[in-house]
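# Observations on the three-dimensional arrangement
Listed below are the residues making up each chain.
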Amino acid sequence: MRKRKERVKKPKKRAIKKPKDHTAAEFDLDVTRGDTDMFRWFLLCYLFGKPIRSETAVVTWRLFVEMKLDTPWAILEASERQLVAVLHEGGYTRYQHVTARGLHVCMDRLVREYEGSLYFMLESSIDEAEFSKRLQKLHGVGPKVAEIFTRETSEIFARRVE
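### Digging into the overall build of the protein
Helix and strand content of the protein: nine helices and zero strands. Traced from its N-terminal end to its C-terminal end, the protein shows the element sequence α-α-α-α-α-α-α-α-α. Going through the 162 residues of the protein one by one, you find that 42% of them count as buried. Across the protein, the fraction of contacts at a sequence separation of at least 24, relative to all contacts at a separation of at least 6, is 58%. Accessible surface for the protein amounts to roughly 10,800 Å². Of this, 52% is attributable to carbon and sulfur atoms.

Okay, structure coming up:
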């Protein structure tokens, strides 16, 4: 008696969803207005750069803004426990402790080296490439976060050339 060869079902291929390219305008932010909007956009980009769904990053970012944790100094003054609570409430189920610590380290350097001002960092950069390198020296900011963030600041550099 011959054994029947069983068919192995191949898993269906899922369409890979391309992540949405968010813009500051979607969140009523204009980085050319100054430090407040620029920092809020940076914070959102920072959260987008973490291993979390973008929807969760947006919800969490809105909580940071709502709870007045939307300046480098406010984040530095908040305890790790407070930051973890905000991240958890926003939907983080993993990495909230690492992200909270990372935010503290990032803000500490931003305050020490650039007086807490991303606008100052931008103004003291010769060009967009230097600005991107400076951003990436901040803890937790890699090339992707810098790329998302600097898409919105290119207009400021373009004005310099005019």
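### What to know about the nonpolar core
Core analysis: the largest hydrophobic core is formed by 48 residues, its most contacted members being Trp 41, Phe 42, Phe 64, Ile 75, Leu 118, Leu 135 and Phe 149. Among the elements that take part in this core, helix 1 (residues 35-48) stands out by supplying ten residues, more than any other. Those residues in contact with Phe 42 that lie beyond four places of it in its chain are Cys 106, Met 107, Leu 118, Leu 135, Leu 138, Val 141 and Phe 149.

### With respect to the environment of Tyr 119
Residue placement: Tyr 119 occurs in helix 6 (residues 118-123). Spatially, the C-alpha atoms of Tyr 119 and Phe 39 are 8.5 Å apart, while their sequence positions differ by 80 residues. Each residue touching Tyr 119, except ones within four places of it in the same chain, is listed here: Asp 35, Met 38 and Ile 156.

### With respect to the packing of aromatic side chains
Counted according to the given criterion, the structure contains six aromatic pairs. Note on Phe 39 and Phe 42: the rings are 6.1 Å apart at their centroids and 40° apart in plane angle, and the pair reads as tilted. On the criterion of helical spacing, the pair formed by Phe 39 and Phe 42 is a turn pair, its members being three residues apart in helix 1. Judged by relative accessible area, Phe 39 falls into the buried class, the value being 4%. Taken together, a centroid distance of 6.2 Å and an interplanar angle of 50° make the contact between Phe 42 and Tyr 46 tilted. Pair noted here: Phe 42 and Tyr 46 are both in helix 1, with a separation of four residues, about one helical turn. By the burial criterion, Phe 42 is buried, and Tyr 46 matches it. Pairwise contacts between aromatic rings join Phe 39, Phe 42, Tyr 46, Phe 131 and Phe 149 into one cluster. The ring of Tyr 46 is capped by Lys 50, whose NZ or CZ atom sits 4.4 Å from the centre of that ring.

Definitions and cut-offs
- Residues numbered from 1 in each chain as written.
- Predicted model: local features only at pLDDT ≥ 70, side-chain atom pairs only at ≥ 80, totals over all residues.
- Heavy atoms only, no water.
- Helix = DSSP H or I, 4+ residues; strand = E, 2+ residues; numbered from the N terminus.
- Buried < 20%, exposed > 50% of the residue type's maximum accessible area, 1.4 Å probe, protein only.
- Contact = heavy atoms within 4.5 Å.
- Areas by Shrake-Rupley, 256 points an atom, 1.4 Å probe, with all protein chains shown as cover.
- Core = buried A, V, L, I, M, F, W, Y, C linked by side-chain atoms within 4.5 Å.
- Phe/Tyr/Trp six-rings, centres within 6.5 Å; stacked < 30°, edge-to-face > 60°.
- Lys NZ or Arg CZ within 6 Å of the ring centre and 35° of its normal.

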